[in-house]
Amino acid sequence: MADEPKSRYLHYLEIVTGSLEEKKRWRQYKARVKRLPENYRIAVEALERYLMHFGPADGAGAMTMWEDLAELFEQSAADGTPIRDLFGDDPVEFVEAFMANYPLGQYRRRERERFTSAIDRAAGQDRTT
């Protein structure tokens, strides 16, 4: 059934609304997060807000990231891993390292390195001192 072509109606509907399969996966992810203990849920929701601004915007790669995030926190909750042990001292460093495992995250990391390198080169050529 999965290999059958979509009806024209479904094809056009997905053009307008986005992938129905992705929406289903998103709802499943949100249900998993809702079942987490409160402190883990708060942490995941904070990560969601950050990733909505700085992470992959859409697509299968982004959905894989969300599902991996749910799995990480489900396992951490089951193991009783404290939130601070997950994040370490710098939550931004944690989320940036997490994002780097996904295609858009890798792109952003490369661009940050490229930008930093360009500034370093420009600063090295600064002869105003």
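The structure displayed is predicted, hence computed values, not measured ones.

Quick word on the nonpolar core
Core analysis: the largest hydrophobic core is formed by 22 residues, its most contacted members being Tyr 29, Trp 66, Leu 69 and Phe 73. Listing elements by their share of this core, those giving two or more residues are α2 (20–34), α3 (38–54), α4 (60–79), α5 (83–87) and α6 (91–99). Counting residues per element, this core draws most heavily on α4, at 7 residues. In contact with Trp 66, not counting residues within four places along its chain, are Trp 26, Tyr 29, Glu 48, Leu 51 and Met 52.

Focus on the packing of α2 against α3
Two elements in contact, α2 and α3, have axes whose closest approach is 9 Å; the angle formed by their N-to-C orientations is 145 degrees. For the pair α2 and α3, the contacting residues are Trp 26, Tyr 29, Lys 30, Val 33 and Lys 34 in the first and Arg 41, Val 44, Glu 48 and Met 52 in the second. Split into classes, the residues belonging to the contact of α2 with α3 amount to 5 nonpolar, no polar and 4 charged.

What to know about the pattern of salt bridges
A full pass over the atoms with the stated rule returns 4 salt bridges. A salt bridge links Arg 25 to Glu 67, with the shortest nitrogen-to-oxygen separation between them at 2.6 Å. Here Glu 67 lies in helix α4 and Arg 25 lies in helix α2, a separation of 42 residues in the sequence. The same class applies to Arg 25 as to Glu 67, namely buried.

A look at the environment of Pro 103
Relative to the helices and strands, Pro 103 is located in helix α7 (residues 103–124). For Pro 103, a relative accessible area of 58% translates into the label exposed. Expressed as a C-alpha distance, the spacing of Pro 103 and Ala 62, which sit 41 residues apart in the sequence, is 8.7 Å.

What about the packing of aromatic side chains?
Under the defined criterion, the tally for this structure stands at 7 aromatic pairs. Taken together, a centroid distance of 5.2 Å and an interplanar angle of 40 degrees make the contact between Trp 26 and Tyr 29 tilted. Taken together, the residues Trp 26 and Tyr 29, both in helix α2 and 3 residues apart, mark about one turn of the helix. Overall, the relative accessible area of 25% leaves Trp 26 in the partly exposed class. Look at Tyr 29 and you get buried, because its relative accessible area is 1%. With 6.4 Å between their ring centres and 75 degrees between their planes, Tyr 40 and Phe 73 make a pair best called edge-to-face. Pair noted here: Tyr 40 is in helix α3 and Phe 73 is in helix α4, with a separation of 33 residues, a long-range link.

Focus on the confidence of the model for the chain
For the chain, mean pLDDT is 81; residues scoring 70 or higher make up 75% of the total. Confidence, read as mean pLDDT per element, is least for helix α1 (residues 8–17) in the chain (58) and greatest for α5 (93).

Definitions and limits used
- Residues numbered from 1 in each chain as written.
- Predicted model: local features only at pLDDT ≥ 70, side-chain atom pairs only at ≥ 80, totals over all residues.
- Heavy atoms only, no water.
- Core = buried A, V, L, I, M, F, W, Y, C linked by side-chain atoms within 4.5 Å.
- Buried < 20%, exposed > 50% of the residue type's maximum accessible area, 1.4 Å probe, protein only.
- Helix = DSSP H or I, 4+ residues; strand = E, 2+ residues; numbered from the N terminus.
- Contact = heavy atoms within 4.5 Å.
- Axes fitted to C-alpha atoms, helices over the stretch in contact; angles between N-to-C directions.
- Nonpolar A, V, L, I, M, F, W, Y, C, P; charged D, E, K, R; others polar.
- Salt bridge = Lys/Arg side-chain N within 4 Å of Asp/Glu carboxyl O.
- Phe/Tyr/Trp six-rings, centres within 6.5 Å; stacked < 30°, edge-to-face > 60°.
- pLDDT = per-residue confidence, 0-100.

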